[in-house]
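# An overview of the molecular structure
Each chain, written out:
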Amino acid sequence: MDVCIDDGFHSIESILSTMKSVMPYLADRAVYIIEDNRDVHKEIKIIYPNMYVDHQDELTIVSNFNQ
């Protein structure tokens, strides 16, 4: 997959669980978009330190390449 938009449950736990399940199927230059959560970006930065993580308010964008 090149793009994944997580519009499921908005808890940090469910977002991280979904992300873990999807990560093996993402393309080399994929973008993972998470909406409706203000704080999940903090956990993602810890769990995936090599990923590029950007956020603003309730939107988080994760990719495996720098913008």
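So, a few notes on the structure that sits alongside this text. (Residues numbered from 1 in each chain as written. Predicted model: local features only at pLDDT ≥ 70, side-chain atom pairs only at ≥ 80, totals over all residues. Heavy atoms only, no water.)

With that settled, the discussion passes to the sheet that holds strand β3 (residues 52-56). Pairing is mixed across the open sheet formed by 4 strands, whose spatial order is β1-β2-β4-β3. At either margin of the open sheet sits one strand with a lone partner, and together these are β1 (3-6) and β3. For this sheet, the mean angle separating the axes of adjacent strands, direction not counted, is 15 degrees. Set on the sheet, helix α1 (residues 12-22) makes contact with β1, β2 (31-35) and β4 (59-63); between it and β2 the angle comes to about 165 degrees. Those strands touched by helix α2 (residues 40-47) are β2, β3 and β4, and its axis lies near 170 degrees from that of β3. (Pairing = 2+ DSSP bridges. Helix = DSSP H or I, 4+ residues; strand = E, 2+ residues; numbered from the N terminus. Axes fitted to C-alpha atoms, helices over the stretch in contact; angles between N-to-C directions. Contact = heavy atoms within 4.5 Å.)

Once that is clear, we can look at the environment of T60. Mapped onto the elements, T60 comes out in strand β4. Note on T60: relative accessible area 0%, which makes it buried. In sequence terms T60 and R38 are 22 residues apart; their C-alpha atoms lie 8.0 Å from each other. (Buried < 20%, exposed > 50% of the residue type's maximum accessible area, 1.4 Å probe, protein only.)

Just distances and angles here, no functional claims.
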